[in-house]
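So the chains spell out like this:
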Amino acid sequence: MANKRGGKFGTARGRKELASILGLTRAESNMMDLKIKLSKIAQKAIEDSGLTLAEMAEESGVSRSKVSAIKNGATASISMDLMVRVILSTGTKIKVAVS
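Residues numbered from 1 in each chain as written. Predicted model: local features only at pLDDT ≥ 70, side-chain atom pairs only at ≥ 80, totals over all residues. Heavy atoms only, no water.

Enquirer: Just to check I follow, could you spell out the pattern of salt bridges for this structure?
Expert: Where charged atoms from two side chains of opposite charge approach closely, those side chains can pair. In the structure shown here, the tally under the stated rule is one salt bridge. Its salt-bridge partner being K44, residue D48 comes within 2.6 Å of it at the nearest N-O pair. Of the two residues, D48 and K44 are both situated in helix α2 (residues 26–49); the distance of four residues between them amounts to about one turn of the helix. Across the pair, exposure class does not vary: D48 and K44 are exposed alike. (Salt bridge = Lys/Arg side-chain N within 4 Å of Asp/Glu carboxyl O. Helix = DSSP H or I, 4+ residues; strand = E, 2+ residues; numbered from the N terminus. Buried < 20%, exposed > 50% of the residue type's maximum accessible area, 1.4 Å probe, protein only.)

Spelled out as structure tokens, the structure:
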């Protein structure tokens, strides 16, 4: 099926298929996976912290609007380093493993 610009629509059944449809490199696909994981960790850390958005913003040095976006899963325009700052400001520890 073609879209209005002559391109084709695709349906992805998972992250790997989505990366393929988008033409992402392996590195770009892995970065997408990492960002998704960080987003979920950040959402849980914010929820579990019991802090208000204003308190999170002050503690992390990240604007209240960006903390709110992270909390709501709207992280497309949020960098991974800001998500890490929010996570760490809650006292949550991040374990990094290379495989």
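Enquirer: What is the right way to read the confidence of the model for the chain from this model?
Expert: Of all residues in the chain, 90% attain a pLDDT of 70 or more, and the chain-wide mean is 88. Across the chain, helix α4 (residues 64–71) holds the top mean pLDDT of 96, while helix α1 (residues 15–22) sits lowest at 84. (pLDDT = per-residue confidence, 0-100.)

Enquirer: What's the story with α2 in this structure? I'm lost.
Expert: Each full turn of the α-helix corresponds to 3.6 residues, which orients residues three or four apart in the same direction. With 24 residues, α2 ought to run about 34 Å at 1.5 Å a step, and its terminal C-alpha atoms sit 34 Å apart, in line with that. Taken together, the buried positions of α2 are occupied by S29, M32, D33, L38, S39, A42, A45 and I46. Elements that come into contact with the buried residues of α2 comprise α1, α3 (53–60), α4 and α5 (80–89). At the exit of α2 stands G50, carrying a positive phi of roughly 75 degrees. (Expected span 1.5 Å × (residues − 1). Contact = heavy atoms within 4.5 Å.)

Enquirer: Could you clarify how one ought to interpret the environment of S68 in this entry?
Expert: Along the polypeptide, S68 turns up in helix α4. Between the C-alpha atoms of S68 and I46, which are 22 residues apart in sequence, the distance is 9.5 Å.

Enquirer: What is the right way to read the packing of α1 against α2 from this model?
Expert: Working note: a packed helix pair is described by the angle between its axes plus the distance between those axes. At a minimum axis distance of 10 Å, the contact between α1 and α2 shows a crossing angle of 135 degrees. Regarding the angle of α1 to α2, the classification is oblique. As α1 runs across α2, the sense of the crossing is right-handed. Where α1 abuts α2, its residues R15, L18 and A19 lie against S29, M32, D33 and I36. In terms of residue class, the contact of α1 with α2 is built from four nonpolar, one polar and two charged. (Axes fitted to C-alpha atoms, helices over the stretch in contact; angles between N-to-C directions. Parallel < 35°, antiparallel > 145°, perpendicular 65-115°, else oblique. Left-handed = near helix turned anticlockwise from the far one by under 90°. Nonpolar A, V, L, I, M, F, W, Y, C, P; charged D, E, K, R; others polar.)

Enquirer: Explain the nonpolar core here, please?
Expert: A general feature of soluble globular proteins is that nonpolar side chains tend to end up buried together. Core analysis: the biggest nonpolar cluster contains 16 residues, and I46, V67, I70, I78, M83 and V86 have the highest contact counts within it. Those elements giving two or more residues to this core turn out to be α2, α3, α4 and α5. For this core, the leading source of residues is α5, giving five residues. Those residues in contact with I78 that sit more than four places away from it in its chain are K35, K66, A69, I70 and M83. (Core = buried A, V, L, I, M, F, W, Y, C linked by side-chain atoms within 4.5 Å.)

Enquirer: Mind showing me how you'd approach a nonpolar patch on the surface here?
Expert: On the surface, L88, I94, V96 and V98 cluster together into a nonpolar patch covering about 420 Å² of accessible area. Tracing the backbone shows V98 in the segment after α5. (Patch = residues over 30% accessible without salt bridge, like charges linked within 9 Å, V, L, I, M, F, W, Y side chains within 5 Å. Areas by Shrake-Rupley, 256 points an atom, 1.4 Å probe, with all protein chains shown as cover.)

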